[in-house]
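Per-entry structural report
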Amino acid sequence: MESVANSVQLPPLDNPNERAAVGGELQVVMQDLIDLSLIGKQLHWSVVGAAAHGVHLFLDEVVGEWRELADVVAERAVTLGVVPDGQSAAVAAGSRVESVAVRSLADHAVVWELGRRVAAVAERIRKRLGSVGAADLVTQDVLVRVVGMLEKHQWMLRAQLGEKA
Ligand SMILES: [Fe+2]
């Protein structure tokens, strides 16, 4: 019998019947992360006020991290044999992130608006960790790292609003 180590087969899941479902979970997380990165960039252009420069620079940092996370999540889906759709139409249809108004926005409002969207995405993923883990622990690990990063960003946004830890 051929050794698993020499095989090019797809990774065996803890529950192989869940392959498409796990791929679907990864796709929607990827779409939320892409949308967060687009909204973050939008707010990077909209921000005004005394703290605008710092917020503007901070937003580029987190946008870069969300784009990298979206790539990690997408590549986990492909690793499992599911090709995710990260094109604009699919992101617009699949993302659960609320869009922002296209207008100038005060620095503190930018931080608040982004913070609640980041929190919502993190919470939605966190709620699915148990069921994802029952199907595939390695995917759960990828999503745990995503939640960890998003929750770190929540803290950094909260700190900019002057909220104590
Ligand atoms: Fe810029």
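Residues numbered from 1 in each chain as written. Predicted model: local features only at pLDDT ≥ 70, side-chain atom pairs only at ≥ 80, totals over all residues. Heavy atoms only, no water.

Time to look at the overall build of the protein. The number of helices and strands found in the protein is five helices and two strands. Moving toward the C terminus, one meets the helices and strands of the protein in the order α-β-α-α-β-α-α. Along the first, second and third principal axes, the C-alpha atoms of the protein reach 70 × 35 × 25 Å. Counting every position in the protein, which comprises 165 residues, the buried fraction comes to 42%. Contacts in the protein between residues far apart in sequence, at least 24 positions, make up 81% of those at least 6 positions apart. Put simply, the protein has 16 plus and 21 minus side-chain charges, and the middle of one group is 5 Å from the middle of the other. (Helix = DSSP H or I, 4+ residues; strand = E, 2+ residues; numbered from the N terminus. Buried < 20%, exposed > 50% of the residue type's maximum accessible area, 1.4 Å probe, protein only. Contact = heavy atoms within 4.5 Å. Lys, Arg positive; Asp, Glu negative; His and termini not counted. Charge placed at Lys NZ, Arg CZ, Asp CG, Glu CD.)

Looking now at the pattern of salt bridges. All told, the structure shown has eleven salt bridges when counted by the stated rule. In this structure, R96 engages D32 in a salt bridge whose closest nitrogen and oxygen atoms are separated by 2.7 Å. One end of the pair, R96, is in the loop between α3 (88-94) and β2 (105-106); the other, D32, is in helix α1 (residues 19-46), with 64 residues separating them in the sequence. R96 gets classed as partly exposed once you look at its relative accessible area, which sits at 36%. A salt bridge links R117 to E98, with the nearest nitrogen and oxygen atoms 3.6 Å apart. Of this pair, R117 sits in helix α4 (residues 107-135) while E98 sits in the loop between α3 and β2, and the two are 19 residues apart along the sequence. Residue classification places E98 among the partly exposed residues on the basis of a relative accessible area of 44%. (Salt bridge = Lys/Arg side-chain N within 4 Å of Asp/Glu carboxyl O.)

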